[in-house]
Amino acid sequence: MKTETSTKATIYCRVSSKEQEETGYSLDAQEKLLVDYSKSKGFTVEKIYRISESASSDKQRKIFSEMMGFLKKRGNNILLCEKTDRLTRTRKDAVVIDDWVKENEERCVHFVKENFILDKNSRANEKFIWGIKVEVAQYYTNNLSEEVKKGQKEKIAQGHYPSKPPFGYVTRLEKGKNIHVPDKLTAPHIRRMFELYATGNYSLSRLELEMHNMGLRERSGKRMLFKRIYVILSNPFYCGRMRWKGVLSEGAHEPLISKEIFELTQTILRRKTKNPSRRKHTPVFRAKIHCEHCGGMLTWEIQKGYWYGHCHNHKAFRLCAKKTYIRQEKAEEQILAYLPQIAPKNKEMLAWIEDVIKNDFEEDTRNREIEISRLNILLAKVRQRRDKYYEALVDQTVPEDFCNKKIKECLEEEEALKTALDRTDQQSDLYKELRIAIHRLAFYAGEIYQKATTDDKRILLSQIFTNLLQNGYEIKGKYTLAAEYLAEWMPKLNHDYELEKMLSIQDQKVDFALASPAMRAWKDTLRMPFWQQWFPWPNTSLEKLNQLLALV
Ligand SMILES: [Zn+2]
């Protein structure tokens, strides 16, 4: 037993929140036990340290080292503690205690409930048990983190990202599981961001500006800076994959963009970061043409004053056999040949088209106004109802729970109505202008291309083609959705026009817009919802089209 030269004792209490919940055993009870014990032994309690498990591990560590400092500074040699595991939260703590005891014969730890005193002269079997307890403590800590890791691994195997999802997604509880789903508010912006960047027309800082103008903001409401945009564009989560601790796997979540767009984005990002210096002369097709053979991007270089493009296959894993050099002008020729296929035949035809769009719009406006006033009446009603419940809440005339429930319902309904209103309102003048502008663009595209600067040429190309492919000396274009629409309808309208010309007898003018079956069928497409899908940001699209049309 100890020689009682010193009777100054320090008490250390720690309780886990789980214990407290399950047994009601509290820090106070532990403290009382230890104070009573020290009285029975004739110790004077110098200081009491209390740690609740709910404290952060940083805080726990801080209190622990504070206590060790106090013991040493005050020459306080007796430490009282309920059980071994109170002091062995980690092996590191246990080793500190072990060292402290060994340094001085006077020092000891009383584990009151276990009736065990640890000091320099503890018996071998007692030290052995202490050692085991330290190991068990460490095992428990290790095992816990292993369990967490195992849980994460299982989640990943099932395609679930085991952490907070990136911007553009929200977490929803479904069947007891947290799943990540696209956030209705921000997901469209993310899609747009990838689409714009994949055109190859944007630097990151220009994209930052463009996205800001479209209303993209951080969750905090702040401007989203290009560094963040870079992080987003590099995250495979958006195309349905997951990167966890450096390993890529397939996710079960809904992607916001296709894998093709993501890969394209990566190619452009790599190219941009590798060569950040701005080149004075840009080849028109930079980042726009792919090798049909291997999918690689064409590289452009100047030879004797001409731009030449060829498949860029420096990567060993997909060496490409096709390395035809194609001159920019040869590529242009072939791409320009696509333009008449989507164009109205002549100015007269274009004028008819514009008339039909304008007339249709007027009819549409009347219907829309009716719909907007209907929605506004509903909105006013639901707001009235909500105010009524607020009043009831203040006056306490109706139970609080019921009021809150009703207010929540009203707010949800308000949100839904506002969305419907926005949607109706959006189909406003802008879409009329857009429809006219896209047909005009199709008609003048060739002329615009000849007059345009390289930058404008690139904008024009991205309005009409999503992708261009090289196969030897042949260049093929894949239309955008809007251009595909033109490619479907314009030949039909042009055909009817020819027919009408042949049939029309002098002095017997017929209204072509009414007489032509193709024209009547085409008119119906003006009200189709796909216009909103093709141009989710009508403002910016229109701005671009007008910028191009200003050239003629
Ligand atoms: Zn290739």
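Each chain has its residues counted from 1, running along the sequence as written. Residue-level local features of this predicted model are given only where pLDDT is at least 70; pairs of side-chain atoms are given and counted only at 80 or more, and the full residue set underlies all totals for whole chains, interfaces and linings.

1. Quick notes on the sheet that holds strand β13 (residues 326–327)
Turning to step 1, where the next piece is worked out: In this scheme, strands are said to pair when DSSP sees at least two bridges between them. Numbering goes from the N terminus for both helices and strands, where a helix is a DSSP run of H or I of at least four residues and a strand is a run of E of at least two. Here 3 strands make up an open sheet; going across it, the order is β11-β12-β13 and the pairing antiparallel. The open sheet terminates on both sides in strands that have one partner only, identified here as β11 (298–303) and β13.
Turning to step 2, where the next piece is worked out: The pairing of strand β12 (residues 306–311) with β13 spans 2 bridges and is classified as antiparallel. Residue pairing in the sheet places Tyr308 in a bridge with Arg327 of β13.

2. Notes on the domain arrangement of the protein chain
Turning to step 1, where the next piece is worked out: When the domains of the protein chain are assigned, the result is domain 1 (8–149), domain 2 (169–270), domain 3 (289–336) and domain 4 (339–549).
Turning to step 2, where the next piece is worked out: Here the bounds of each domain stem from an automatic or database domain assignment. On a C-alpha basis, the centres of domain 1 and domain 2 stand 49 Å from each other.

3. Here we look at the nonpolar core
A general feature of soluble globular proteins is that nonpolar side chains tend to end up buried together.
Turning to step 1, where the next piece is worked out: Counting 69 residues, the largest nonpolar core has Met193, Phe194, Tyr197, Ala442 and Ala445 as the members making the most contacts within it.
Turning to step 2, where the next piece is worked out: In terms of residue count, the dominant contributor to this core is helix α14 (residues 429–451) (9 residues).
Turning to step 3, where the next piece is worked out: Excluding anything up to four places from it in sequence, Ala445 contacts Leu339, Ala343, Leu460 and Ile464. For this analysis, nonpolar core means a set of buried Ala, Val, Leu, Ile, Met, Phe, Trp, Tyr and Cys residues linked through C-beta atoms within 7 Å. The burial criterion counts other C-beta atoms lying within 10 Å of a residue's C-beta, which is placed from the backbone; the residue is buried at 20 or more, exposed at 12 or fewer, and partly exposed between these limits. A residue pair is marked as a contact if its C-beta atoms, positioned from the backbone, fall within 7 Å.

4. With respect to the packing of helix α7 (residues 187–198) against helix α8 (residues 204–213)
Turning to step 1, where the next piece is worked out: The axes used here are C-alpha line fits, helices contributing only the stretch in contact, and every angle between their N-to-C directions lies in the interval 0 to 180 degrees. Interaxial distance between α7 and α8 falls to 11 Å at its minimum, and their mutual angle equals 145 degrees. Along this stretch, α7 crosses α8, giving a crossing that reads as right-handed. Counted together, His189, Met193, Leu196 and Tyr197 of α7 and Leu207, Glu210 and Met211 of α8 form the full contact between these two elements.
Turning to step 2, where the next piece is worked out: Under the scheme applied, nonpolar residues are Ala, Val, Leu, Ile, Met, Phe, Trp, Tyr, Cys and Pro; charged residues are Asp, Glu, Lys and Arg; polar residues are all the others, including Gly. Of the residues belonging to the contact of α7 with α8, the class tally is 5 nonpolar, 1 polar and 1 charged. Working rule for handedness: look at the near helix, and if it is turned counterclockwise from the far one by less than a right angle, call the crossing left-handed; if clockwise, right-handed.

5. A word on the packing of helix α12 (residues 347–395) against α14
Turning to step 1, where the next piece is worked out: Packing of α12 against α14 leaves a shortest axis separation of 10 Å and a crossing angle of 170 degrees. With respect to their mutual orientation, α12 and α14 come out roughly antiparallel. Judged by residue contacts, Leu350, Ile353, Glu354, Ile357 and Phe361 of α12 engage Lys432, Arg435, Ile436, His439, Arg440 and Phe443 from α14.
Turning to step 2, where the next piece is worked out: Here the contact of α12 with α14 is built from residues that sort into 6 nonpolar, 1 polar and 4 charged. An angle counts as roughly parallel when it lies under 35 degrees, as roughly antiparallel when it exceeds 145, as roughly perpendicular when it falls between 65 and 115, and as oblique in every other case.

6. A word on the pairing of strand β3 (residues 78–81)
Turning to step 1, where the next piece is worked out: Neither face of β3 is exposed, since Ile78 and Leu80 on one face and Leu79 and Cys81 on the opposite face are all buried.
Turning to step 2, where the next piece is worked out: Sheet topology note: the strand β1 (residues 8–15)/β3 ladder contains 4 bridges and is parallel. The partner of Tyr12 across the bridge, within β3, is Cys81.
Turning to step 3, where the next piece is worked out: By the bridge criterion, 4 bridges tie β3 to strand β4 (residues 108–111) in an arrangement that is parallel. Looking across to β4, one finds that Cys81 is bridged to Phe111.

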